[in-house]
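Read off the chains here:
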Amino acid sequence: MARLLIVHHTPSPGMQAMFEKVVEGATTDEIEDVEVVRRAALSATAADVLAADGYLLGTPANLGYMSGALKHFFDQIYYPCLDATGGRPFGIYVHGNEGTEGALRAARSITTGLGWQQVAEPVDLTGEPDSTGLDACWELGATVAANLMS
């Protein structure tokens, strides 16, 4: 069975709503033979990354950058996972009250260094997540999970 690791930093109601929709999409009945594992960014480990076949990343944009929690995650796993996880699929969702471009740029830079392959457009929301944005989160979860189905 394939494993999808969702690494998230979910400090706000908006991020929680996005996280729940991503999980809902990834675990929809149409997705078969994919185990979904959820880890808070501050507790996710290199062992979690190495045991997974694909990744979903969730972060708020804080002062134009990814959260310190997601940055900490990447700092902890980068070298232990560098040679072993190349080519694995991933997706990302970001929420901010202002610009989120810096958060996305930083995450893309790190995931490119790891050799991960983006398989869905990022979900990039500002302000209160609306139904269209939450539907996009559902689609993101379903798309990344579907990429892992055999």
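Residues numbered from 1 in each chain as written. Predicted model: local features only at pLDDT ≥ 70, side-chain atom pairs only at ≥ 80, totals over all residues. Heavy atoms only, no water.

## Some details on the overall build of the protein chain
What counts here: Here a strand is any run of E in DSSP of at least two residues, a helix any run of H or I of at least four, and the numbering for each starts at the N terminus. Here the radius of gyration uses the C-alpha set of atoms, whereas the globule reference equals 2.2 Å times the residue count to the power 0.38. Throughout, a contact is declared for two residues whenever any of their heavy atoms are within 4.5 Å. Reported accessibility uses the Shrake-Rupley method at a 1.4 Å probe radius. Residues are deemed covered only where the shown protein chains occlude them.
Along the backbone of the protein chain there are 5 helices and 7 strands. Helices and strands in the protein chain line up, N terminus first, as β-α-β-α-β-β-α-β-α-β-β-α. Compactness check: the protein chain gives a C-alpha radius of gyration of 14 Å against a globular reference of 15 Å for 150 residues, within 12% of the reference. The C-alpha extent of the protein chain, read off along each of the three principal axes, is 35 × 35 × 25 Å. Within the protein chain, counting contacts between residues at least 6 apart in sequence, those at least 24 apart form 84% of the total. About 7000 Å² of surface is accessible on the protein chain, with carbon and sulfur atoms providing 47% of the total.

## Some thoughts on the packing of aromatic side chains
Stated formally: Here a Phe, Tyr or Trp ring, Trp counted by its six-membered ring, pairs with any other such ring whose centre lies within 6.5 Å, and the pair is stacked when the planes are under 30 degrees apart, edge-to-face when over 60, and tilted otherwise. Residue burial is assigned from relative accessible area. The probe radius is 1.4 Å, only protein chains are included, and a residue is buried under 20% of its type maximum, exposed over 50%, and partly exposed in between.
Per the counting criterion, the structure on display carries 5 aromatic pairs. Considering the side-chain rings of Phe 73 and Phe 74, the 5.3 Å spacing of their centres and the 50° angle between planes classify their relative orientation as tilted. Each of the two residues, Phe 73 as well as Phe 74, counts as buried. Consider the rings of Phe 90 and Trp 116, whose centres lie 6.1 Å apart with planes at 55°: the pair is tilted. Placement of the pair is Phe 90 in strand β5 (residues 89-96) and Trp 116 in the loop between α4 (101-114) and β6 (117-118), with a sequence separation of 26 residues. We classify Phe 90 as buried; its relative accessible area is 3%. Here the aromatic residues Tyr 55, Phe 73, Phe 74, Phe 90 and Trp 116 are joined through ring pairs into a cluster of three or more.

## Re the nonpolar core
For soluble globular proteins, nonpolar side chains are generally found buried alongside one another. For clarity, the threshold we go by: To form a nonpolar core, buried Ala, Val, Leu, Ile, Met, Phe, Trp, Tyr and Cys residues must be joined to one another through side-chain atoms within 4.5 Å.
Grouped together as the largest cluster of nonpolar side chains are 28 residues, with contacts concentrated most on Phe 73, Phe 74, Ile 77 and Trp 116. Setting aside residues no more than four positions away along its own chain, Ile 77 makes contact with Thr 45, Ala 46, Val 49, Leu 114 and Trp 116. Grouped together as the second largest cluster of nonpolar side chains are 23 residues, Tyr 93, Leu 134, Leu 140 and Leu 148 included.

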